Amino acid sequence: MVTTSANGFLNKCPLLCTIRHQPATVWVISAVSFFIDTFIYSLTVAMLPEILQKDMGASESATGLVTTMFGIGGLIGSLSSGILSDHYHDRNVLQIIGSLIYVIAGVIFYYSKHYYQLLLFRFINGIASGIACTLLCTAVGDVYPANLLGFKLAIVYLCNDIAYTIGPICGQKLYQINGVYGPALLVIALGLFKLVLLIVFAEDSLVIREFVRVRLSTLAPANLVQDNSQMLHGKHAEVMSYDNAGIDVLEKSDSQLPTQKNNPNITFGIDNPPQRASISLWRLLVRPPVVISAFAIISCLGIQGMLEGLVPLHLIDRFSRSDDSGMAFVILGLVFTVLVSAVGKLTDATIRWRGEVMRYYIILFGSISTVLAMLLMTLANTYATMMVGFSFFALTNLCMCIPAQSAFGDFVNGANVDSMARGYSIAICAWAVGAIALPSIGSALYSHAGFTKSVMGVSSIACAITAGACLAFIIRKQRLCVGQR
C-alpha cells in the first residue's frame, strides 16, 4: 500500500513518469544495481584471506566456508524472491527489501570482530544478492524480446564485470586505511543509494510491460499491432521458433490456457493479449534447456568462486606475492569487461543464424575450454603465465555464462508463461549451488593436495558434466531432425 501511494505521487510529475515507464529505464537501473551488487560482493574478496588468517587466525579452509555461507544466502534469496514475485506479480517491493538487507549486512560487517560475525555478514549479503540478481534479470526479461535479450543481459553483466574489476582494489585500499570500517560504511552507503534509486526511478517491470502494450495499441498501425505484441512477448518469428530450433516448449498439460500452438484459430493482438499461465518451479526445472543451462551456471560461476578463494593463497604459497591478489582479480575483471558485450552479441547472432541449438554448442565450447584454461593456470611457472591462463578463463567463463543466462528468459518467453521470476530464480539458485559446493570442496582439497589437484579435479568434473549434458542434448535433437526428414 505504501509503495503504491509512493508510485502514484511520483507519477504525478510528467517527466519523471515518462522516465519511469521506459523499458530502457529498467535496463539502466538493472545495470546500475548489478554494479552495486557485484561491487559489494567483490569488495571483500581480496581482503578476506588476510582478515581470516592474519587477524583472526582462521585456517585456509575457513575462506571456503565464508564463500559457502554467501552461496547459502543467495540460494534462500533467489528461491524466495522468484516464487513470491511471480505469485504476487510484483518485482519492485522485493528489490526494495533487498536494498534494506544490504544496509543490514553493512552494519553487521562494521561490527565484525569474530569469525562467526563474518559468516553472518556473508550470509546476509548472499540473501540480498540472491534477491537482486533474480529480480534484475527478471525485470530485463519482462520488457525485452528474445532477439535482444542476450545483448541486453550482456550489457548488464558488463557493469557487473566493471564492479568485479575495481571492487577488490577499493576493498584492499579501504581496509589498509581504516580496517573493516571503511568497506562496511561503503556497503551501507551503496545499499541506501540503491534504495533511493529504486523508489524514485523504478516502476515495476510488469507495469511497464503492460504500459508498452497499451502504447503500441494506441500508436501502431493495425497491421503492425500483432507483430509488435509478439515481439513484446518474445515471440518474433525471425528468432523465436522453439520447435524448429529443437527446444521442447511446454506441452498443453503444463498449461490449460489457450495458445496459438494448441489452438491455431486463436489470434492474439494488443487488444486481446495472450493469457500467460504460471507454472511451478519444478515443471520449469525438468525441462532440458533449463537443466543444461543450470549445469553451465553451476560450473562456470562455481569454478570462479573457487578461484576467488584459492588464487590469493596460491600466489602467496607459489610466488610469494601477497600484495598481487587484488591485481589478479583486476586483470580478470578487465577481460570480462572487454569481452562480455562481444560474447553477448555473438551469441545472439549465432542463434539467429543457425537456430537455438547453437546455444548449446557455445556452452560445450566453453566447458572444454575452461578445463584447458585451468590446466594453463596450474602448470604456470611465472605470475605472468598464470595471469594469461586466468584471462583465458574469463573468455571461457563468458561462453558458458552468457548463453546459459539468456536461455532462461528466452525459454519462458517462448513458452509464453508467466514464470519469468521463477525461471531466473533457478538461474541464481544454480549460481548459489556452485558457490556453496565448489569453493568449499576446492578449499578442502587445497589444504591436503595443493592448487593443481584441487583446481583440476573440481573443474574437470564440473565441466565434464556440463559438456556431457550439452552433447547429449545436441545428439538427441539431431536424431529427431533426421527422423522427421
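Residues numbered from 1 in each chain as written. Predicted model: local features only at pLDDT ≥ 70, side-chain atom pairs only at ≥ 80, totals over all residues. Heavy atoms only, no water.

(A) How the structure looks around the overall build of the protein chain. A tally of helices and strands in the protein chain yields 18 helices and zero strands. Counting across all 485 residues of the protein chain, residues that qualify as buried make up 60%. Of the contacts formed within the protein chain by residues at least 6 apart in sequence, a portion of 83% connects residues at least 24 apart. Of the roughly 19,200 Å² that the protein chain leaves accessible, carbon and sulfur atoms contribute 67%. (Helix = DSSP H or I, 4+ residues; strand = E, 2+ residues; numbered from the N terminus. Buried < 20%, exposed > 50% of the residue type's maximum accessible area, 1.4 Å probe, protein only. Contact = heavy atoms within 4.5 Å. Areas by Shrake-Rupley, 256 points an atom, 1.4 Å probe, with all protein chains shown as cover.)

(B) Just the packing of aromatic side chains, in detail. A complete count under the given rule lists twelve aromatic pairs for this structure. A centroid spacing of 5.1 Å and a plane angle of 45 degrees characterise the contact between F34 and Y157, whose relative ring orientation is tilted. With F34 in helix 3 (residues 23-43) and Y157 in helix 8 (residues 146-178), this pair connects stretches of sequence that are 123 residues apart. Judged by relative accessible area, which is 3%, F34 ranks as buried. Relative to F70, the ring of Y41 lies with its centre 4.7 Å away and its plane at 50 degrees, an arrangement referred to as tilted. Of this pair, Y41 sits in helix 3 while F70 sits in helix 5 (residues 61-88); the two residues are 29 residues apart in sequence, bridging distant segments of the chain. Here Y41 matches F70 in class, with each residue buried. Here the aromatic residues Y41, F70 and W431 are joined through ring pairs into a cluster of three or more. Here the basic side chain of K152 rests over the ring of W27, its NZ or CZ set 3.6 Å away from the ring centre. The lysine or arginine in question, R354, covers the ring of W353, its NZ or CZ lying 5.4 Å from the ring centre. (Phe/Tyr/Trp six-rings, centres within 6.5 Å; stacked < 30°, edge-to-face > 60°. Lys NZ or Arg CZ within 6 Å of the ring centre and 35° of its normal.)

(C) Examining the pattern of salt bridges more closely. Applying the stated criterion across every chain, the model contains five salt bridges. Across the pair R359 and E356 runs a salt bridge, and its minimum N-O distance is 2.6 Å. A relative accessible area of 5% places E356 in the buried class. Several salt bridges converge on common partners, so that one network encompasses D86, R91, D142 and R422. (Salt bridge = Lys/Arg side-chain N within 4 Å of Asp/Glu carboxyl O.)

(D) Looking closely at the nonpolar core. Core analysis: the biggest nonpolar cluster contains 123 residues, and L307, M374, M386 and F390 have the highest contact counts within it. Tallying contributions element by element places helix 18 (residues 420-484) first for this core, with 22 residues. Here L307 is in contact with P312, F329, M374, M377, F390, F393 and V455, once residues within four sequence places are set aside. Counting residues in each nonpolar core, the second largest holds six residues, with I96, L195, L198 and A202 among its members. (Core = buried A, V, L, I, M, F, W, Y, C linked by side-chain atoms within 4.5 Å.)

(E) Main features of the packing of helix 6 (residues 92-110) against helix 9 (residues 181-201). The contact between helix 6 and helix 9 brings their axes to 8 Å, and the two run at 165 degrees. Considered as vectors, helix 6 and helix 9 are oriented roughly antiparallel to each other. Helix 9 is crossed by helix 6, and the crossing has left-handed handedness. The segment helix 6 lies against helix 9, with N92, Q95, I96, S99, L100, Y102, V103, G106, V107, F109 and Y110 engaging Y181, P183, A184, L185, V187, I188, G191, L192, K194, L195, L198 and I199. Looking at the contact of helix 6 with helix 9 residue by residue, the classes come out as 17 nonpolar, five polar and one charged. (Axes fitted to C-alpha atoms, helices over the stretch in contact; angles between N-to-C directions. Parallel < 35°, antiparallel > 145°, perpendicular 65-115°, else oblique. Left-handed = near helix turned anticlockwise from the far one by under 90°. Nonpolar A, V, L, I, M, F, W, Y, C, P; charged D, E, K, R; others polar.)

(F) Local environment of the side chain of K194. Locating K194 in the fold gives a position in helix 9. Buried charge K194 goes without a salt bridge, the closest partner of opposite sign being D37 at 6.0 Å. (Lys, Arg positive; Asp, Glu negative; His and termini not counted.)

(G) The confidence of the model for the protein chain, seen in detail. The predicted model of the protein chain averages 79 in pLDDT, with 79% of residues at 70 or higher. At the level of individual helices and strands, the protein chain shows its lowest average pLDDT in helix 12 (residues 242-245), which scores 36, and its highest in helix 16 (residues 358-379), which scores 94. The model gives residues 222-275 a pLDDT under 50, and that stretch makes 97 contacts with residues more than four places away or in other chains. (pLDDT = per-residue confidence, 0-100.)

(H) Representation of helix 14 (residues 288-319) in the model. With 32 residues, helix 14 should reach 46 Å at 1.5 Å per residue; the first-to-last C-alpha distance of 44 Å fits that figure. Of all the bends in helix 14, the greatest reaches close to 35 degrees and is centred on L310; the proline P312 follows between one and four positions later. Counting buried residues in helix 14 gives 25 out of 32 residues, a clear majority hidden from the surface. Phi turns positive, to about 55 degrees, at S320, one or two residues after helix 14. (Expected span 1.5 Å × (residues − 1). Bend = angle between axes of the 7 residues up to and from the residue.)

(I) Quick peek at the packing of helix 3 against helix 7 (residues 115-143). Remark: helix 3 packs on helix 7, axes separated minimally by 9 Å, with the N-to-C direction vectors making an angle of 160 degrees. Relative to helix 7, the element helix 3 is oriented roughly antiparallel. Considering only the axes of helix 3 and helix 7, their crossing is left-handed. Counted together, P23, V26, S30, S33, F34, D37, I40 and Y41 of helix 3 and R122, N125, S129, A132, C133, L136, C137, A139, V140 and V143 of helix 7 form the full contact between these two elements. Split by residue class, the contact of helix 3 with helix 7 holds twelve nonpolar, four polar and two charged.

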